[in-house]
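Notes for the structure review
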Amino acid sequence: MADLALEYRVGELLKARAETFTAAESCTGGLILHRMTNVAGSSAYVLGGIVTYSNEIKMQFVGVQPETLAAHGAVSRETAGEMARGVRKAFNADYAVSATGIAGPGGATETKPVGLVYIGLSGAGVDEVREYRWISDREGNKQLSAEAALQLLYDYLTGGKL
């Protein structure tokens, strides 16, 4: 199983454990769920998910608090955490990941450069957010972020150190 893509390895683990998955995606635009649903039989563990590109959708559908967005912005550790917890609750899933960041080439600020991404993971016993700073183009940043989200979940499911 080690040579299979992460989406297959994560799927096998979820299926074996009879657990479910969802995602709230911003900068990845649905790429995490795209990869997970490329696996035949993924309906056994993928419940669905949501692309929360706008702040309004982040608040309305996954419960990101307006105060969080005002204080920290959409691209923040705090927002990623609320996205993961909120989508997990909304879909009643065992595990959820979130991704929020600046894929580029525009949208950067002095404190939030292109490639800055926060990946969240929520599940029973886990509430983790990781910060990444990719140096790639838009597509590369999206691909790297999706891979990081799946890797974070895989590491947790296999007892790896978070």
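Let me begin by describing the structure that accompanies this report. In this text the structure is predicted, and so the values were computed from the model without any measurement.

Analysis parameters
Residues numbered from 1 in each chain as written. Predicted model: local features only at pLDDT ≥ 70, side-chain atom pairs only at ≥ 80, totals over all residues. Heavy atoms only, no water. Salt bridge = Lys/Arg side-chain N within 4 Å of Asp/Glu carboxyl O. Buried < 20%, exposed > 50% of the residue type's maximum accessible area, 1.4 Å probe, protein only. Core = buried A, V, L, I, M, F, W, Y, C linked by side-chain atoms within 4.5 Å. Helix = DSSP H or I, 4+ residues; strand = E, 2+ residues; numbered from the N terminus. Contact = heavy atoms within 4.5 Å.

Some words on the pattern of salt bridges
Per the stated rule, a full pass over the model turns up seven salt bridges. Arg17 is the partner of Glu19 in a salt bridge, and the nearest nitrogen-oxygen pair spans 2.7 Å. Arg17 sits in the partly exposed class, given a relative accessible area of 36%. Members of the salt-bridge network, linked through shared partners, are Glu7, Arg35 and Glu147.

Here's the deal with the nonpolar core
If you look at the biggest cluster of nonpolar residues, it comprises 31 residues, and the most contacted ones within it are Leu14, Phe21, Ile32, Met36, Val97, Ile119 and Leu153. With eight residues, the top contributor of residues to this core is helix H6 (residues 138–157). Non-local contacts of Val97, meaning those with residues more than four positions away in its chain, are made with Phe21, Thr22, Ala23, Ala24, Ile32, Ala84, Val87, Gly120, Leu121, Ala149 and Leu153. Judged by nonpolar contacts, the second largest core, of eight residues, contains Ile50, Leu69, Met83 and Val87.

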